[in-house]
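# Inside the fold
Chain residues, written in single-letter form:
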Amino acid sequence: MNNKTLAILKPDCVKKNLIGKVVTLIQKAGFKVSAMKMVKLTPDAAKGFYQIHKDRPFFNDLIVYMTSGPCVPIALEKENAVEDFRKLIGATDPAKAAEGTIRKLYADSIQENIVHGSDSNENAAIEILHFFSRKELPDINGF
Ligand code: ADP
Ligand code: MG
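Residues numbered from 1 in each chain as written. Chains lettered and ligands numbered in written order. Predicted model: local features only at pLDDT ≥ 70, side-chain atom pairs only at ≥ 80, totals over all residues. Heavy atoms only, no water.

In the structure shown here, the tally under the stated rule is zero disulfides. With no disulfide of its own, C13 lies closest to C71 among cysteine sulfurs, the gap being 10 Å. Assessed through its relative accessible area of 0%, C13 is described here as buried. A relative accessible area of 0% means that C71 is categorised as buried. (Disulfide = S-S within 2.5 Å. Buried < 20%, exposed > 50% of the residue type's maximum accessible area, 1.4 Å probe, protein only.)

Our next topic: the nonpolar core. By size, the foremost hydrophobic cluster in this structure holds 20 residues, and its most contacted members are L9, V22, I26, F85, I102 and I114. If you list the elements that add at least two residues to this core, you get β1 (4–9), α1 (11–15), α2 (19–28), β3 (72–77) and α5 (81–89). At four residues, the largest contribution of residues to this core is made by α5. Sequence-distant contacts of F85, that is, excluding residues within four places in its chain, are made with T5, A7, I26, F31, L76, V115, H116 and G117. The next biggest cluster of nonpolar side chains, apart from the first, holds 18 residues, and it includes F49, L62, C71 and I128. (Core = buried A, V, L, I, M, F, W, Y, C linked by side-chain atoms within 4.5 Å. Helix = DSSP H or I, 4+ residues; strand = E, 2+ residues; numbered from the N terminus. Contact = heavy atoms within 4.5 Å.)

For β1, the buried fraction is high: six of the six residues fall into the buried class. Burial along β1 is two-sided: the residues K4, L6 and I8 and T5, A7 and L9 are all buried. Bridging between β1 and β3 involves six bridges; their strand directions are antiparallel. Among the inter-strand pairings, A7 is bridged to a residue of β3, identified as I74. Bridge count between β1 and strand β4 (residues 115–117): three bridges; the pairing is antiparallel. Bridge pairing links I8 to H116 in β4. (Pairing = 2+ DSSP bridges.)

Here the largest pocket defines a volume of roughly 640 Å³. Forming the boundary of the largest pocket are 24 residues, of which Y50, I52, H53, R86 and H116 lie nearest the centre. Broken down by secondary-structure element, the contributors of at least two residues to the lining of the largest pocket are α3 (43–49), β4 and α7 (121–131). In terms of residue count, α7 provides more of the lining of the largest pocket than any other element does, four residues in total. In terms of residue class, the lining of the largest pocket is built from seven nonpolar, eleven polar and six charged. (1 Å grid on protein atoms, 1.4 Å probe; cavity = no way out; pocket = protein on both sides within 12 Å on 5 of 7 lines; lining within 4 Å. Points joined across faces, edges and corners; volume = space filled by probe spheres on them. Nonpolar A, V, L, I, M, F, W, Y, C, P; charged D, E, K, R; others polar.)

Let us now look at the side chain of R103. If you trace the backbone, R103 turns up in helix α6 (residues 102–106). At 8.3 Å, D12 is the nearest oppositely charged side chain to R103, a buried residue that forms no salt bridge. (Lys, Arg positive; Asp, Glu negative; His and termini not counted. Salt bridge = Lys/Arg side-chain N within 4 Å of Asp/Glu carboxyl O.)

What follows concerns the sheet that holds strand β2 (residues 32–36). Reading across from one edge, β2-β3-β1-β4 is the order of the four strands in this open sheet, with antiparallel pairing throughout. The open sheet has two free edges, formed respectively by β2 and β4, since each of these has just one partner strand. Between one strand axis and the next, the sheet turns through 25° on average, direction left out of account. Bridge count for β2 against β3 is four bridges, and the pairing is antiparallel. (Axes fitted to C-alpha atoms, helices over the stretch in contact; angles between N-to-C directions.)

Bringing the packing of aromatic side chains into the picture now. Throughout the structure, instances matching the rule amount to three aromatic pairs. Their ring planes at 85° and their centres at 5.0 Å tell us that F49 and Y50 sit as a pair that is edge-to-face. A relative accessible area of 7% places Y50 in the buried class. Geometrically, the ring pair formed by F49 and F131 is tilted, given 5.5 Å between the ring centres and 55° between the ring planes. Placement of the pair is F49 in helix α3 and F131 in helix α7, with a sequence separation of 82 residues. (Phe/Tyr/Trp six-rings, centres within 6.5 Å; stacked < 30°, edge-to-face > 60°.)

Written out as structure tokens, the structure reads:
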């Protein structure tokens, strides 16, 4: 599976009223929106999603941020989705993100960086299933 990735429009994206602008950029870049919802993560759900970072110094702040308001997980499809989406969003730190990337355009800080993108095909599958049941993925093949 190399044609799916999970995006999350993070709470700062929702609060700044940027959902439409960011989804437009994602679609203009050739991604198909296959499933999308708005959810407010509980602390346990946020901790589960970011387990890999549990020992990092920024972990607690990350959980507070990700639970500070609703976010919008989106299952995306495109050839080479993971790599192409990481390119579209830019570096984690917006100060280091390339011109024209979503984080460069809209993010305020390395923490409040507007959008998540899966970092591997394996994690994309795990992360999509973190937010969507198989029933909610009617047109997605490979699950
Ligand atoms: P990415 O989202 O680019 O894959 P990471 O997986 O390294 O980045 O980190 C997950 C999220 O944790 C980042 O998107 C950001 O919101 C937050 N984060 C990462 N590094 C830092 C940091 N040094 N200080 C504060 N928050 C951070
Ligand atoms: Mg990451």
